[in-house]
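A structural walkthrough
Listed here are the chains, written in short residue letters.
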Amino acid sequence: MAPPSPSTNSSSHIAAEQLSKTNLYIRGLPPGTTDQDLIKLCQPYGKIVSTKAILDKNTNQCKGYGFVDFDSPAAAQKAVASLKASGVQAQMAKVT
């Protein structure tokens, strides 16, 4: 059996649970949410690289969640803390 690779950290025993440093996963969004709404929601926290409200192909309505990618980990952390404090369900997105 091969020894564990040096990059394996004992505290992150499940590779699938690795979190992005800049990409937020936001849920609990209303059906009318657009990418533009996500920009407005997160703009105060830093420079946004991209946004994606996940839409239902049939209804073109938001499925209740989306992603916002910031240009820096500091901006992303600030956004998560501030959004959570204001009642928005935000967390760092999982890296797959």
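Residues numbered from 1 in each chain as written. Predicted model: local features only at pLDDT ≥ 70, side-chain atom pairs only at ≥ 80, totals over all residues. Heavy atoms only, no water.

Attention now goes to the overall build of the protein. In terms of helices and strands, the protein carries 2 helices and 4 strands. Order of helices (α) and strands (β) in the protein, N terminus to C terminus: β-α-β-β-α-β. Taking all 96 residues of the protein together, 27% fall into the buried category. Put simply, of all contacts in the protein between residues at least 6 apart along the chain, 63% involve residues at least 24 apart. (Helix = DSSP H or I, 4+ residues; strand = E, 2+ residues; numbered from the N terminus. Buried < 20%, exposed > 50% of the residue type's maximum accessible area, 1.4 Å probe, protein only. Contact = heavy atoms within 4.5 Å.)

With 13 residues, helix α2 (residues 73–85) extends 18 Å from end C-alpha to end C-alpha; this agrees with the ideal 18 Å at 1.5 Å per step. Considered for burial, the residues of α2 that qualify are A75, A76, A79, V80 and L83. Down the axis of α2, the smallest arc covering the buried residues is 135 degrees, so these residues share one side. Opposite its buried face, α2 presents the exposed residues A74, K84 and A85, each directed more than 90 degrees away. Packed against the buried residues of α2 are β1 (19–27), α1 (35–42), β3 (62–70) and β4 (89–94). G87, located one to two residues past α2, shows a positive phi value of around 90 degrees. (Expected span 1.5 Å × (residues − 1). Arc of directions from axis to C-beta.)

This brings us to the packing of aromatic side chains. Counted by the stated rule, this structure contains 3 aromatic pairs. Judged by centre distance (6.3 Å) and plane angle (85 degrees), the rings of Y65 and F67 are edge-to-face. On the basis of relative accessible area, F67 is assigned to the partly exposed category, the value being 26%. Aromatic ring contacts, followed pair by pair, group Y25, Y65 and F67 into a single cluster. (Phe/Tyr/Trp six-rings, centres within 6.5 Å; stacked < 30°, edge-to-face > 60°.)

Further remarks concern the pairing of strand β2 (residues 48–55). Pairing geometry for β2 and β3, over 6 bridges, is antiparallel. In the strand pairing of β3, I48 is matched with F70. Here β2 hands over to β3 after 6 residues, with N60 in that stretch at a positive phi of 65 degrees. (Pairing = 2+ DSSP bridges.)

Time to look at the side chain of S20. If you trace the backbone, S20 turns up in strand β1. At 2.8 Å, the side chain of S20 and the backbone nitrogen of N23 are in polar contact. Those residues in contact with S20 that lie beyond four places of it in its chain are M92, A93 and V95. (Polar contact = N/O pair within 3.5 Å; in protein donor to acceptor, adjacent residues only side chain to side chain.)

A few words now on the side chain of T22. Residue position: T22 is located in strand β1. On the accessibility criterion, T22 (18% relative accessible area) is buried.

None of the figures reported here should be taken as evidence of function without further support.
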